[in-house]
Amino acid sequence: NAGVTQTPKFQVLKTGQSMTLQCAQDMNHEYMSWYRQDPGMGLRLIHYSVGAGITDQGEVPNGYNVSRSTTEDFPLRLLSAAPSQTSVYFCASRDLGRNTEAFFGQGTRLTVV
Amino acid sequence: GNSVTQMEGPVTLSEEAFLTINCTYTATGYPSLFWYVQYPGEGLQLLLKATKADDKGSNKGFEATYRKETTSFHLEKGSVQVSDSAVYFCALSDLDNQGGKLIFGQGTELSVKP
């Protein structure tokens, strides 16, 4: 049982480059989300999805795009990387409902130089 | 809007000491409350949860009670071990907000010395 799989684990980008962070889950969860983790700021929601074909913005969506073509996959695209996007990114999935547990990937540590 | 506030870290304790990490929340609805733990180099994993007032969540010797009157969900453990060294996040979830969005506190780093 793989759970939530994120790739890559580490990435260095130059300012202005684009890339896609991959996220896949095998638990048939409707809800998937992307967070960024920065020192002293906890986790902030970037984008989320409540099902295939449905996405919406979180707290800090600028500079990021997402799509949800299947239940399993929820990639995060950085359109033109900026140093302010240096962070650790986590993908999470959960069943819909306020009581349900979120399962997190191992994270992607991104550095933009 | 909904929010979570945790005590600031880092917290440094000796092995077998008593642990309390304070967490308070602001919410307009009736949220569920969670504690997640993040070990070095890993993602977050659920430690415990409580879904209604006066519920007590417990796991691995950790406990937290959902106190609606004080809007708190403090994490406690009677005797910490070196292996408990990690970052702890308090979080709430409210279906009224973005389909059950999890809102996290800023995290509290715990370091336990032998």
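Residues numbered from 1 in each chain as written. Chains lettered and ligands numbered in written order. Predicted model: local features only at pLDDT ≥ 70, side-chain atom pairs only at ≥ 80, totals over all residues. Heavy atoms only, no water.

## Focus on empty space enclosed by the protein
And then number 1: In total, this model carries one cavity of 30 Å³ or more according to the counting rule given.
And then number 2: Size it by volume and the largest cavity reaches roughly 40 Å³.
And then number 3: In terms of lining, the largest cavity is formed by Tyr31(A), Ser33(A), Tyr35(A), Ala92(A), Ser93(A), Arg94(A), Ala102(A) and Leu102(B).
And then number 4: At the level of secondary structure, the elements contributing two or more residues to the lining of the largest cavity comprise strand S4 (31–37) and strand S9 (87–94) of chain A. (1 Å grid on protein atoms, 1.4 Å probe; cavity = no way out; pocket = protein on both sides within 12 Å on 5 of 7 lines; lining within 4 Å. Points joined across faces, edges and corners; volume = space filled by probe spheres on them. Helix = DSSP H or I, 4+ residues; strand = E, 2+ residues; numbered from the N terminus.)

## Describing the state of the cysteines
And then number 1: Throughout the structure, instances matching the rule amount to two disulfides over all chains.
And then number 2: Covalently, Cys23(A) is tied to Cys91(A) through a disulfide, its sulfur atoms 1.8 Å apart. When the S-S torsion is -70 degrees, as for the bridge of Cys23(A) with Cys91(A), the disulfide is left-handed. Taken together, the residues Cys23(A) in strand S3 (residues 19–25) and Cys91(A) in strand S9 connect sequence positions 68 residues apart.
And then number 3: Using a relative accessible area of 0% as the deciding quantity, one classes Cys91(A) as buried.
And then number 4: The side chain of Cys23(B) participates in a disulfide bridge whose partner is Cys90(B); the two sulfur atoms lie 2.0 Å from each other. (Disulfide = S-S within 2.5 Å. Buried < 20%, exposed > 50% of the residue type's maximum accessible area, 1.4 Å probe, protein only.)

## Re the sheet that holds strand S9 (residues 75–77) of chain B
Residue and element names in this part refer to chain B.
And then number 1: The four strands are arranged S3-S9-S8-S7 in an open sheet whose pairing can be described as antiparallel. Across the chains shown, the open sheet's two edge strands, defined by having one partner strand only, are strand S3 (19–21) and strand S7 (56–59). Taken over all neighbouring pairs, the strand axes of this sheet differ in orientation by 15 degrees on average, direction set aside.
And then number 2: As defined by bridge partners, S3 adjoins S9 across three bridges and the pair is classed as antiparallel. Bridged to Thr20 within S9 is Glu76. (Pairing = 2+ DSSP bridges. Axes fitted to C-alpha atoms, helices over the stretch in contact; angles between N-to-C directions.)

## As for the environment of Lys49(B)
And then number 1: Residue position: Lys49(B) is located in strand S6 (residues 44–50).
And then number 2: Spatially, the C-alpha atoms of Lys49(B) and Phe73(B) are 9.6 Å apart, while their sequence positions differ by 24 residues.
And then number 3: With residues near it in sequence (within four places) discarded, Lys49(B) still touches Asn99(A), Thr100(A), Leu33(B), Phe34(B), Gly57(B) and Phe73(B). (Contact = heavy atoms within 4.5 Å.)

## Re the pattern of salt bridges
And then number 1: Counted under the stated rule, the structure contains five salt bridges over all chains.
And then number 2: For the salt bridge of Asp38(A) with Arg36(A), the shortest nitrogen-to-oxygen distance reads 2.8 Å.
And then number 3: The exposure class of Arg36(A) is buried, given its relative accessible area of 9%.
And then number 4: Between Glu63(B) and Lys56(B) there is a salt bridge; the shortest N-O distance is 3.6 Å.
And then number 5: Through salt bridges that share partners, Arg36(A), Asp38(A) and Arg44(A) make up one connected network. (Salt bridge = Lys/Arg side-chain N within 4 Å of Asp/Glu carboxyl O.)

## Re the packing of aromatic side chains
And then number 1: Tallied over the full model, the rule gives twelve aromatic pairs over all chains.
And then number 2: Among the aromatic residues, those joined into a ring-pair cluster are Tyr35(A), Phe90(A), Phe104(A), Phe34(B), Tyr36(B), Phe89(B) and Phe104(B).
And then number 3: Sitting above the plane of the Phe74(A) ring, Arg68(A) keeps its charged end 6.0 Å from the centroid.
And then number 4: Just above the ring of Tyr31(A) sits the side chain of Arg94(A); from NZ or CZ to the centre is 5.9 Å. (Phe/Tyr/Trp six-rings, centres within 6.5 Å; stacked < 30°, edge-to-face > 60°. Lys NZ or Arg CZ within 6 Å of the ring centre and 35° of its normal.)

## Side note on the environment of Gln6(B)
Residues and elements named next belong to chain B.
And then number 1: Note that Gln6 resides in strand S1 (residues 3–6).
And then number 2: Judged by its relative accessible area of 3%, Gln6 falls in the buried class.
And then number 3: Among residues more than four places away in sequence, those in contact with Gln6 are Ile21, Asn22, Cys23, Trp35, Tyr88, Phe89, Cys90, Gly105, Gln106, Gly107 and Thr108.
And then number 4: Reaching out from Gln6, the side chain makes a polar contact with the backbone nitrogen of Cys90 at a distance of 3.0 Å.
And then number 5: A polar contact of 2.9 Å, which involves the side chain of Gln6, links it to the side chain of Thr108. (Polar contact = N/O pair within 3.5 Å; in protein donor to acceptor, adjacent residues only side chain to side chain.)

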